[in-house]
Amino acid sequence: MTLDDSPSYPTVQAVLADPTFARLKALVIETTGMAFYRDKNEDLAQILVARMIEVAVAGCDGYLELLAPGADEMDALVAELTIGETYFFRHKEQFDALRDIILPDVIERNRPLRRLRIWSAGCATGPEPYSIAIMLEREFGARIADWHVTVLGTDINQKFLGRAREGRYDQWAFRTMPEEIRAACFTKVGNQWQINQQYKRFVKFQYHNLIKSRFPSIIDNIAGFDIIICRNVIIYFSPETIEDLIPCFHESLSDGGWLVMGHAEPNQHLFRHFKTVNTPGAVLYQRVDGFHARPPAPVAAPAPVVKPPSLVLPRLTALDVGRDVTRPMVPPMIRSAKAKPPSAPARSLVKPPPPPGGEVGGGLVRIRELADCGQWDAAAAACDALLTSTPMDAWGHFYRAMIHEQVGQAEECEKALRRAIYLDRRLVLPHYHLGLFLLRRDDAIAAAKAFRNVQALLKDYPDDGLVADADKITVGQMREAVDMHLKLIGGAI
Ligand SMILES: C[S@@+](CC[C@H](N)C(=O)[O-])C[C@H]1O[C@@H](n2cnc3c(N)ncnc32)[C@H](O)[C@@H]1O
């Protein structure tokens, strides 16, 4: 670019006076949920000006064009908008509650299945999920030695996720962490500290936008958690958004699972569908459906309680059941911009489960019903019955794969996904899910191949085609999700 054709950049004042500023601001809030920017015009304008200079765009109209759905610039803007303040073992009282109450409870509960799923939603650069992994390994390592453990950290900020995957931190991130733990769990690299592999092995990071990415989503691996920790994230959201999100967290927990919010977010009314457990310095919320109800663990010395595993499958909302498999089928991956999560308690909060030992079979609809009301083992039995009578049913194998995945049977999950694909290569969902599975196994090359298969299957369909009627999921949204995974993999292959 010569001096003559270099654009002249707007000032903060010019951006504030530009009529398109209001549209940019609305788009930012709609995309991130950060209603925080409603009365922070100057801050927002400063960020926009910095981005405009970076991408050499002269005004708000031009910049708005760069923010089309799926465009890289939205990620770059989000990286500047979000606030990633975090550190290891932040808010000690909550970690005490995790160590003394929550983890003993879920470990005891899950003993028969030997599986543990923990979600740190809005994990920033990773200290929160890594703190949990350190606690698990150091305090409970012997009890969960051969378990299938997942600590999933998600965030909307791709830059933060990159740093989280790296796992290298400045001294400031350890401000409240005892030095001996840091020395035991990290290795000094220059001026920084690198987390040791032993504490990394359970932890996975994944992009997820709490506002735009539908959840629970068995398809996106955001489902069936024993613990969800979402701290210092919703403080930036509007009350309406928060009201919409809490039932989604509820539905993403297994029965008996725990939700830990930031210590400054204790609006009891919002959590009315949970059991509230007060501990010294922390308020915890437990999903206790009538069916698997049990008293909360005592605060002081939690006695181990032996009970059958909680076999809850999150609602398979709008998973496409019984559809004409000659049509491309796309999962309800991402909530459409207009569609909101349920603000009323979701159906499975109140729906009674089918009688124990009830009829098994009845096809995919029945399997879905069983799964919807948390009858995970019965759903598996129904699936097996279906596959005995119709062993060539590709969807049956796909559902079986989902069930295997939820109970930590990785090998069987992969086999069932591959069988579904073998039986009908045109089904998008098994390819997509195989991609996610392989990603979790760190097989980036094979995962990329599976995602490219999804791209190829969607190739001839217009972006705005509605593919999952109830949830208004479009081909474009699915394409966007796959592109995003491929972009993330890009650096790894
Ligand atoms: C202040 S940090 C909290 C980090 C950590 N939970 C803690 O308490 O230490 C807030 C995080 O929420 C993330 N965030 C903001 N909006 C989000 C959204 N819509 N979906 C997912 N993450 C979001 C930000 O990127 C940021 O990393």
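Just so you know, these numbers come straight off a predicted model, no measurement behind them. (Residues numbered from 1 in each chain as written. Predicted model: local features only at pLDDT ≥ 70, side-chain atom pairs only at ≥ 80, totals over all residues. Heavy atoms only, no water.)

A. Summary view of the pattern of salt bridges. One pass over the full model with this rule turns up 23 salt bridges. Of the charged contacts, one joins arginine 51 and glutamate 73 as a salt bridge, the two residues approaching to 2.8 Å between their closest N and O atoms. Taken together, the residues arginine 51 in helix α3 (residues 41-54) and glutamate 73 in helix α5 (residues 72-81) connect sequence positions 22 residues apart. For the residue pair arginine 51 and glutamate 73, the accessibility class agrees, reading buried in each case. Two residues, glutamate 243 and arginine 272, come together in a salt bridge whose shortest N-O distance is 3.2 Å. With a gap of 29 residues between them, glutamate 243 in helix α10 (residues 239-252) and arginine 272 in the loop between β8 (253-261) and β9 (275-279) connect regions that are remote in the sequence. The exposure class of glutamate 243 is partly exposed, given its relative accessible area of 27%. Judged by relative accessible area, which is 39%, arginine 272 ranks as partly exposed. (Salt bridge = Lys/Arg side-chain N within 4 Å of Asp/Glu carboxyl O. Helix = DSSP H or I, 4+ residues; strand = E, 2+ residues; numbered from the N terminus. Buried < 20%, exposed > 50% of the residue type's maximum accessible area, 1.4 Å probe, protein only.)

B. Looking closely at the site of the ligand. The environment of the ligand is formed by 21 residues, the closest being Thr32, Thr86, Gly122, Asp155 and Asn232. Between the ligand and the protein, one listed contact pairs an oxygen atom with a side-chain N or O atom of threonine 86 at 2.6 Å. Taking asparagine 209, its side chain carries an N or O atom lying 3.0 Å from a nitrogen atom of the ligand. When the free accessible area of the ligand is taken as 610 Å², the share hidden by the protein chains comes to 99%. Tallied by class, the residues present in the shell around the ligand amount to eight nonpolar, eight polar and five charged. (Near = heavy atom within 4 Å. Polar contact = N/O pair within 3.5 Å; in protein donor to acceptor, adjacent residues only side chain to side chain. Areas by Shrake-Rupley, 256 points an atom, 1.4 Å probe, with all protein chains shown as cover. Nonpolar A, V, L, I, M, F, W, Y, C, P; charged D, E, K, R; others polar.)

C. The environment of leucine 161, seen in detail. Its place among the elements puts leucine 161 in helix α8 (residues 158-166). With 43 residues separating them in the primary sequence, leucine 161 and lysine 204 have C-alpha atoms 9.9 Å apart. In this structure, leucine 161 is in contact with Cys123, Ala124, Gly153, Thr154, Asp155, Phe205, Gln206 and Tyr207, ignoring residues within four places of it in sequence. (Contact = heavy atoms within 4.5 Å.)

D. Broad picture of the packing of helix α6 (residues 92-109) against helix α7 (residues 127-140). With their axes 11 Å apart at the nearest point, α6 and α7 run at an angle of 65° to one another. Note that α6 runs across α7; the crossing there is right-handed. Contacts from Phe95, Leu98, Arg99, Leu103, Pro104 and Ile107 of α6 reach α7 at Glu128, Ser131, Ile132, Met135, Leu136, Glu139 and Phe140. Residue composition of the contact of α6 with α7, grouped by class: nine nonpolar, one polar and three charged. (Axes fitted to C-alpha atoms, helices over the stretch in contact; angles between N-to-C directions. Left-handed = near helix turned anticlockwise from the far one by under 90°.)

E. Geometry of the packing of aromatic side chains. Applying the stated criterion across every chain yields a total of 20 aromatic pairs. Aromatic side chains phenylalanine 88 and tyrosine 169 sit 5.1 Å apart centroid to centroid with 90° between the ring planes, which places their arrangement in the edge-to-face category. Placement of phenylalanine 88 in the loop between α5 and α6 and of tyrosine 169 in strand β3 (residues 168-169) is noted, with a sequence separation of 81 residues between them. Since its relative accessible area comes to 0%, phenylalanine 88 is described here as buried. By way of ring pairs, the aromatic residues Phe88, Tyr130, Tyr169, Phe174, Phe186, Trp193 and Phe205 are connected into one cluster. One cation-aromatic arrangement involves arginine 182 over phenylalanine 174; the distance from NZ or CZ to the ring centre is 5.9 Å. (Phe/Tyr/Trp six-rings, centres within 6.5 Å; stacked < 30°, edge-to-face > 60°. Lys NZ or Arg CZ within 6 Å of the ring centre and 35° of its normal.)

F. Looking closely at the nonpolar core. Counting 97 residues, the largest nonpolar core has Leu103, Trp119, Leu136, Phe186, Leu210, Phe237 and Phe249 as the members making the most contacts within it. With eight residues, α6 is the largest single contributor of residues to this core. Taken domain by domain, the makeup of this core includes at least three residues from each of domain 1 (12-81) and domain 2 (92-286). Non-local contacts of leucine 136, meaning those with residues more than four positions away in its chain, are made with Leu103, Ile107, Leu116, Ile118, Gly141, Ile144, Val149, Val151 and Phe202. The next biggest cluster of nonpolar side chains, apart from the first, holds 44 residues, and it includes Ala382, Leu438, Val454 and Leu458. (Core = buried A, V, L, I, M, F, W, Y, C linked by side-chain atoms within 4.5 Å. Domains from an automatic or database assignment.)

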